[in-house]
Every structure is written in C-alpha cells, then in structure tokens.
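# Architecture and fold: a report
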Amino acid sequence: MDCQDAVNCGLHLVIQTSSLPEKNKVEFKLNKDTSSFPGRLSQHDLERNYSSRQGDHINLVSSSLSSFPILQRSSEEKILYSDRLSLERQKLTVCPIINGEDHLRLLNFQHNFITRIQNISNLQKLISLDLYDNQIEEISGLSTLRCLRVLLLGKNRIKKISNLENLKSLDVLDLHGNQITKIENINHLCELRVLNLARNFLSHVDNLNGLDSLTELNLRHNQITFVRDVDNLPCLQHLFLSFNNISSFDSVSCLADSSSLSDITFDGNPIAQESWYKHTVLQNMMQLRQLDMKRITEEERRMASVLAKKEEEKKRESHKQSLLKEKKRLTINNVARQWDLQQQRVASIATDEDRKDSDSAQDPCQIDGSTLSAFPEETGPLDSGLNNALQGLSVVDTYLVEVDGDTLSLYGSGALESLDRNWSVQTAGMITTVSFTFIEFDEIVHVLPKLKIKFPNSLHLKFKETNLVMLQQFNALAQLRRIDQLTIDPQGNPVVNFTLWKYYVLFRLSHFSMQKINGTEVTQNDMIMAERLFGILAHVASSELPQYRLISILGDARKKQFRYLLESKGKKPGIINEENNDSKRPVGENTNRATLNYTTREFYNEKLEEIKEKKKFCKTYIEDLVKEATEINMKNEALQKLWPQMFIELVRDAVIEIRNKNSYMKLCLQQITDQK
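Every chain's residues receive numbers from 1 upward, in the order its sequence appears when written. Note on the predicted model: pLDDT of at least 70 is required for a residue's local features to be given, and 80 or more for side-chain atom pairs to be given and counted; whole-chain, interface and lining totals, by contrast, use all residues. Side-chain figures throughout are based on the complete set of non-hydrogen atoms in the structure, without hydrogens or water.

## Points about the overall build of the protein
Under the scheme used here, helices are H or I runs from DSSP no shorter than 4 residues and strands are E runs no shorter than 2 residues, and both carry numbers assigned from the N terminus. Each helix and strand counted, the protein has 17 helices and 24 strands in total. Relative accessible area decides the class of each residue, using a 1.4 Å probe on protein chains only: under 20% of the type maximum gives buried, over 50% gives exposed, and in between gives partly exposed. Relative to its full complement of 676 residues, the protein shows a buried share of 37%. Pairs at least 24 apart in sequence give 47% of the contacts found in the protein among residues at least 6 apart. Residue burial considers only the protein chains on display, and all accessible areas are found by Shrake-Rupley using a 1.4 Å probe. A total of about 39,100 Å² of accessible surface is found on the protein, and carbon and sulfur atoms cover 51% of it. Contacts: residue pairs with any heavy atoms within 4.5 Å of one another.

Structure, rendered in structure tokens:
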C-alpha cells in the first residue's frame, strides 16, 4: 500500500490514553469519506492488535553491532498483524530497530521508558504512532513520516512543540500531560482536527491561525487566564477549558465571534463561580448546544436573555458612573491646576510689589522693567509648563458642583454661581453640609447671605484650599443663620497653624453654640477658655468705636438694642417699662462681638478708592474756597487803599450838586419825570 492509500484509508481508532475521569477515551475517526476500504481496521482488530498477547510472539534481540535491540517477529505474527505492531509495557528505554516492517501502519510504544524517538524513519507508511506514557523530552525523528495521521505523545516530558514541519497530514495530535508553556509551530497543520494540550503549563491561548480543520481543542487543567485566536478557527466545535484561571468573560471574548462552536466547558474556573456566568455565556454564544457537558434548554436561553439585558443595563449604569467619576477627577485636577497657577500669580505680584517698594526707597525717580510687570500674564507668555497646564481646559472644566446625599461640594470660584440657580425645595432642604474647595475665602464671603437663604438647613461648613490666613476672616461667618460644625482643612488654610484659632472661632461664633470643630467635640471648658482669651477684645473694639460707626455695623435689631442702652444711661432706675425690658434682653449675637467684623480685600480696596475720591473732592473744594477767599481779600485790600480818595470825591460831588438849590431840585424833578 502506497502513502496516498494510507492517508485516505478509513480508520476508527479507540485508545485508552489516561485513567483520569475526564475524557478517559479519546475517539478518533480518520475516514474522510464513507467508502469502505478492503484493508480497513475495525475497532475489534485494533483492540486485539494492542492486547498484550501480541508480545508473546515478539523477540527483542541484542546485537554486538548496535546499541539498540533488534525487533524479531515470527512469520505467523507478521501474517496475522502485518500492518500493526504493539510494544506496550516492554520496559523499553530506546526504540528498537525495526527491519523488514516497512508496511507497518500502526505502531504502539505505550507505557515504556523511552527518552527519544528514533529508529522509525524507515516506516514511511506509518499512520498512527503511540508513545503515550514514556519519558520523551523532545519531539524528533519524525521528519520522514509524511503519512502520519495520529501522533500520541501524552504523559511525557516534552517542553516545546517542535519538529512537526513535515507532518502536514496530521489529523490527531495528543500532547496532554507534558510541560508545554506555549502553543507554537503548528500553524501549518491545516488538516489537524483534534488537538489535546490538557495538563500542561499554558498561561494563555493564541497562535492558532492556520488550523482550518480543527474541530476539537482540549485545554483542561492548565493555567490559562485569557484566550485569543479561537474565533479564527472555522471548524472548531468542541472546546474544553475546564480547570484553568479564567475569571472574566472579557478574557475569552473572542469565543463570542465563533460561529461554529457548539460545545464548551468552563467548570473549575473562577468565572464559573460567578452568578452571571451561565446567562452571560449563553447570551454571547447563542450557537452553543452544550455548556459544561450539559445540554442547553430553550428555557435556559430565554432566562439568559432576560438576565443578560438586566446585566447590560447595570453595566451601562456602571459605565456611566465610571465616566462621571473620571470626569469629576479630571475636573478637580483642572481646578487644582488653575488654583495653583492663581497662587503663583499672587505670589509673583507680591514679590514684584516688594521689589518695587524696595527700588522706590533706593531711587524714587527710577522706574525699571520689574515695576512695570506686576501682572506677568499680561506682559508676556507664561513659561511652557504653566502654558501646557492651561491648555485643554474649557469653561465647564474650571469648576464643579456636586450634590452627594446631604453634601453640596463646590470646586473652583465658578461654582459659586450655582447658588443663583433655582434649587428645588426638596434638594435645598436636604443639604446640611457645604464644602468649599479651591475658592478664595473672600469670594465665599460675598455668597454667604445667599447660602443662608438657599440652604436654610446647612449646619456644617468645610473649607479646603480657601486661603484662610487670619483670624479676622472668621468674623464673616457670623452672618449665617446657624453653624453646628466647622471643618478647616490644613491644606491651603494657614490660619490653622495659629495655636488659638479654635478658641477665637468659639468666641466669635459663640451665638451658634457650635458642637464640633475639625471633628472634635466642643466642651464647656473650651467655651470658658475662649471667653477668657478674647472677651476683652470685643469690649475694647466696641468701646473705642464712635457711636455712629458702631451703629453702622450693627443690624436693625442690634441698632434698636444699642440705642436703648444709650438712652437708658440718662434715666433713673425704676422707670423702665416692661416693653423696654423685653428689648433689653440679648437675642442671638452679642453686641460687643458684632463689632468684630471682616472686610474683604476687594471691599477694602473699593473703600480705599472711595476714600481717595472723597479726599480728592475735598481737596479740590478747599482749594477753590481758598482761592475765592484770597481774591476777596485782595479786592478788600485794594478797596481800603482807594476808599479815602473815593470818599473825598463823593463828598465833593455831593456839595457841588446841592450848591444851587433851585437847579438841583429841577434836576431831580426832571429825573423823576424821565423815569415815569
């Protein structure tokens, strides 16, 4: 029989490959067509051939000319088993020399101690070679076996798939129970239908392109974490991935693109323990007929479809939340960058002003370039690092407003504009904590009245990176309705470095009866200590202010109370009526403490401009008055010099006119007549 006949012959082969429960029998059908072949081997013939009785008619003879034993069979044996030979359990350590057996098609070396494949290159009609359970470390010696269809090398010590280049007709390749770590050098086996790589050391599955005839792939008991290239196998029907390390469907997502796969196993993997496992697999692999060796019913498919839709909705929601979370993170990072840039500009301006003052003190007439560059962003481009930091920031990304439960978080000064929104009554009433981050405290002061109105239940304020630098700034919080808790983060708020800052807060905001400061409970001893430390301050502040100034900084209720106190000083005891007694009772903020207020830098600068304008007006007005008075005085002095002569002339003219009495009377009558 030539090689082509051997390749096309029908062969039904059942071989016991392992005593393990899974896939104890591997069935190989090597008939490409249904036509009978006169020399076809039946299963009975094969099992009879592989029985141990055949060994009774085989002799292995040692030779002085060779280190290998020489196989000898009896004539009866050759006639009875002309195309097959079994050397199972012969305790062989090498392959014997087989002469005169060139017609062999089936060769069995199971359960020996062979370490290397050799001495079979002359068996070129060989179709099946079984070397199961030996000690082979490398695939070799097969280059001449071009007709080989079945190669069984399970349970050996092979570490690498190699030297299969000439076995292009290979139909079954069994390499289970070896030490293989990578799938390689098999892409040319376009006729391979069965590949068994179970119980190896594979960590991933790839490099399967070219195996266009592969129908069954066994990868049980490996260390596989992900699978690729399986969707490129057009004929694959059975895939066994049991007992690996697959933990998510994403790591085997290529399976969803396989149109031929009908049977798959995942049992023994972490993924099989997940609640969503079955319906996810069925939803993504609608063509499956069996999962984990169990037939899939229509009810299971329907339930999988329903659950998959719910899971998809959860994933979309989760993805949406992830996007929002990432957007929040990026926005906060952008706000932080802008805050840092702003602080750098402020520091630069302060440095330039100090330099300007220093230069002015040295030479009042000197004006150099440094004094003209108070705002570097206006006079020239920023350095490349700062410029790159500013790029890609949109208006939306420069601030963030977030409502999380009962907490309103504001990032960036632009977020303060959100207080002008039409907040729903339910949302506004739910807010009890307001957090400010990356916002100048002076800007926050302007919106505190809005905060009191918009969120009447806000009891907890948090400040982080807000430039709280002096105790006086806490005075601005007195205008709120109520504060139970105050949290000042040390980051970006140097005021917390003052030892007594908490006591000042308790003193100035004592009318709130605060419960916690920076998470620490406020005790009665704290209140007493605050009063001892700063009580005299409020007294001094209120006593040193003039009455008109004191009244101007008090609210309406405080103004009435203060006027009453002033008026009652001049009255005798005992004449104050009950109504006045009611008005005398202190309500809310103490009057003395109310004198401790805070003026923002912006308001202070506006007041300075206003004062400058008033000074300028007063100066101009006084100058005009002085000028006018000077002119009047000059005229008065001139009059004093001319008056004596003028008086003499007036007297002289009067005497001359009345000297002739009749003429004078006629003249007067004439003037009266003319006037009429």
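## Section: the sheet that holds strand β15 (residues 263-265)
Two strands pair if DSSP finds at least two bridges between them. Sheet architecture is open: 11 strands sit in the order β5-β6-β7-β8-β9-β10-β12-β14-β15-β16-β17, paired in mixed fashion. Each edge of the sheet is formed by a strand with only one pairing partner; in this case those strands are β5 (84-86) and β17 (294-295). Judged from the three bridges that link them, strand β9 (residues 172-174) and strand β10 (residues 194-196) form a sheet pairing that is parallel. Among the inter-strand pairings, D174 is bridged to a residue of β10, identified as N196.

## A word on the pattern of salt bridges
In what follows, salt bridge is the name for a side-chain nitrogen of Lys or Arg lying within 4 Å of a carboxyl oxygen of Asp or Glu. For the structure shown, the criterion picks out 13 salt bridges. A salt bridge links D83 to R84; its shortest N-O distance comes to 3.0 Å. Residue class for D83 comes out buried when judged on its relative accessible area of 13%. E521 is paired through a salt bridge with K516; the nearest N and O atoms lie 3.9 Å apart. Taken together, the salt bridges that share partners define one network made up of D83, R84 and R105.

## Quick look at the sheet that holds strand β19 (residues 407-411)
Here seven strands make up an open sheet; going across it, the order is β18-β19-β20-β21-β22-β23-β24 and the pairing mixed. One side of each edge strand has no neighbouring strand; the edge strands of this open sheet are β18 (400-404) and β24 (520-521).

## Brief notes about the UniProt feature "coiled-coil region" (unreviewed entry) in the protein
UniProt positions are given in the numbering used here, feature names are shortened, and annotations may be inferred rather than shown by experiment. Per the UniProt record, "coiled-coil region" (unreviewed entry) is found at residues 296-329. End C-alpha atoms of residues 296-329 are separated by 45 Å, and the span's content is 94% helix alongside 0% strand.

## Details of the environment of R146
Its place among the elements puts R146 in the loop between β7 (128-130) and β8 (150-152). Take R146: its relative accessible area is 49%, and that puts it in the partly exposed class. The sequence separation of R146 and K125 amounts to 21 residues, and the corresponding C-alpha distance is 8.0 Å.

## Details of unusual backbone geometry
The backbone of K155 shows a phi angle near 55°, a positive value even though the residue is not glycine. Note on placement: K155 falls in the loop between β8 and β9. Taking the relative accessible area as the measure of exposure, K155 reaches 43% and is therefore partly exposed. A positive phi is found at R199, a non-glycine position, where the angle reads about 55°. Mapped onto the fold, R199 is located in the loop between β10 and β11 (204-205). Judged by relative accessible area, which is 29%, R199 ranks as partly exposed.

## Some remarks on the environment of K78
Take K78: it is sitting in helix α3 (residues 75-80). With 23 residues separating them along the chain, K78 and E101 place their C-alpha atoms 8.6 Å apart. Once residues lying within four places of it in the same chain are set aside, the contact partners of K78 are R73 and E101.

## Some remarks on helix α9 (residues 441-454)
Over its 14 residues, α9 extends 19 Å from the first C-alpha to the last, a length consistent with the 20 Å expected when each residue adds 1.5 Å. The angle between axes fitted to the seven residues ending at a residue and the seven residues starting there is what we call the bend at that residue. By the largest-angle criterion, V447 marks the main kink of α9, which is about 45°, and a proline, P449, follows within four residues. Those residues of α9 that fall on the buried side of the exposure criterion are F441, D442, I444, V445, V447, L448 and L451. Take the number of residues in a helix, subtract one, and multiply by 1.5 Å to get its expected span.

## A short note on the packing of aromatic side chains
Between rings of Phe, Tyr and Trp, where Trp is taken as its six-membered ring, a pair exists when centres lie within 6.5 Å; planes separated by under 30 degrees are stacked, by over 60 edge-to-face, and by other angles tilted. Evaluated as defined, the whole model comprises 11 aromatic pairs. Taken together through their ring pairs, the aromatic side chains of F436, F441 and F463 make up a single cluster.

## Examining the environment of E531
The topology assignment puts E531 in helix α11 (residues 524-544). For the pair E531 and F507, spaced 24 residues apart in sequence, the C-alpha to C-alpha distance is 5.9 Å.

## With respect to the pairing of strand β22 (residues 485-488)
Here β22 shows a buried face lined by L486 and I488 and an unburied face lined by Q485 and T487. Pairing of strand β21 (residues 460-464) with β22, which is carried by four bridges, proceeds in the parallel orientation. By the bridge assignment for β22, L461 is matched with L486. For β22 and strand β23 (residues 516-517), the ladder comprises two bridges, and the chain directions are parallel. Its bridge partner being in β23, L486 is matched across the sheet by I517. The β-α-β motif built from β22, the intervening helix α10 (residues 501-508) and the parallel element β23 has right-handed crossover chirality. Handedness rule for crossovers: strands pointing away from the viewer, path from the first strand over the helix to the second running clockwise, crossover right-handed.

## What to know about the pairing of β21
The two faces of the sheet receive side chains in turn, since in a regular strand these alternate between them. Bridge count for strand β20 (residues 433-437) against β21 is five bridges, and the pairing is parallel. Each residue of the ladder has a partner; that of T433, found in β21, is H460.

## Some thoughts on the side chain of S262
If you trace the backbone, S262 turns up in the loop between β14 (238-240) and β15. Those residues within four positions of S262 in sequence are excluded, and the remaining contacts are Q237, Q287, L288, R289 and Q290.

## Structural notes on the nonpolar core
In plain words, nonpolar cores are sets of buried Ala, Val, Leu, Ile, Met, Phe, Trp, Tyr and Cys residues tied together by side-chain atoms within 4.5 Å. Counting residues in each nonpolar core, the largest one holds 68 residues, and the members touching the most others are F109, L129, L151, L239, L255 and F266. Residue contributions to this core peak at three residues, all from helix α4 (residues 277-284). The contacts of L239, once residues within four sequence positions are left out, are L217, L219, V230, L255, L261, D263, I264 and T265. Counting residues in each nonpolar core, the second largest holds 46 residues, with L448, F507, F534 and A538 among its members.

## Things to note about a negative patch on the surface
Taken together, the side chains of E623, D624, E628 and E631 make up a negatively charged region of the molecular surface. In this fold, E631 is placed in helix α16 (residues 601-658). Distance thresholds for patches are 9 Å for like charges and 5 Å for nonpolar side chains (Val, Leu, Ile, Met, Phe, Trp, Tyr), applied to residues having over 30% relative accessible area and no salt bridge. Counted as positive: Lys and Arg. Counted as negative: Asp and Glu, with His and the chain ends omitted from the count. A charged residue contributes its charge at one atom only: NZ of Lys, CZ of Arg, CG of Asp or CD of Glu.

## Here's the deal with the confidence of the model for the protein
pLDDT runs from 0 to 100 and stands for how confident the predictor is about each residue. Taken as a whole, the protein shows an average pLDDT of 76; of its residues, 74% reach a score of 70 or greater. Every residue in residues 1-53 is under pLDDT 50, and counting partners more than four places away or in other chains gives 109 contacts. Confidence drops under a pLDDT of 50 for residues 569-587, and excluding neighbours within four residues, the segment shows 10 contacts in the predicted structure.

## Examining a nonpolar patch on the surface
Residues L639, L642, W643, M646, F647, L650, V651 and V655 make up a contiguous nonpolar surface patch of about 750 Å² in total accessible area. With respect to the helices and strands, L642 occurs in helix α16.

## Quick notes on the side chain of S260
Along the chain, S260 falls in the loop between β14 and β15. Separated by 3.3 Å, the side chain of S260 and the backbone oxygen of P234 make a polar contact. Contact partners of S260, with chain neighbours within four places excluded, come to L233, P234, C235, L236 and Q237. The definition of a polar contact used here is a pair of N or O atoms within 3.5 Å, where within protein one atom must be able to donate a hydrogen and the other to accept one, and adjacent residues in sequence count solely through side-chain atom pairs.

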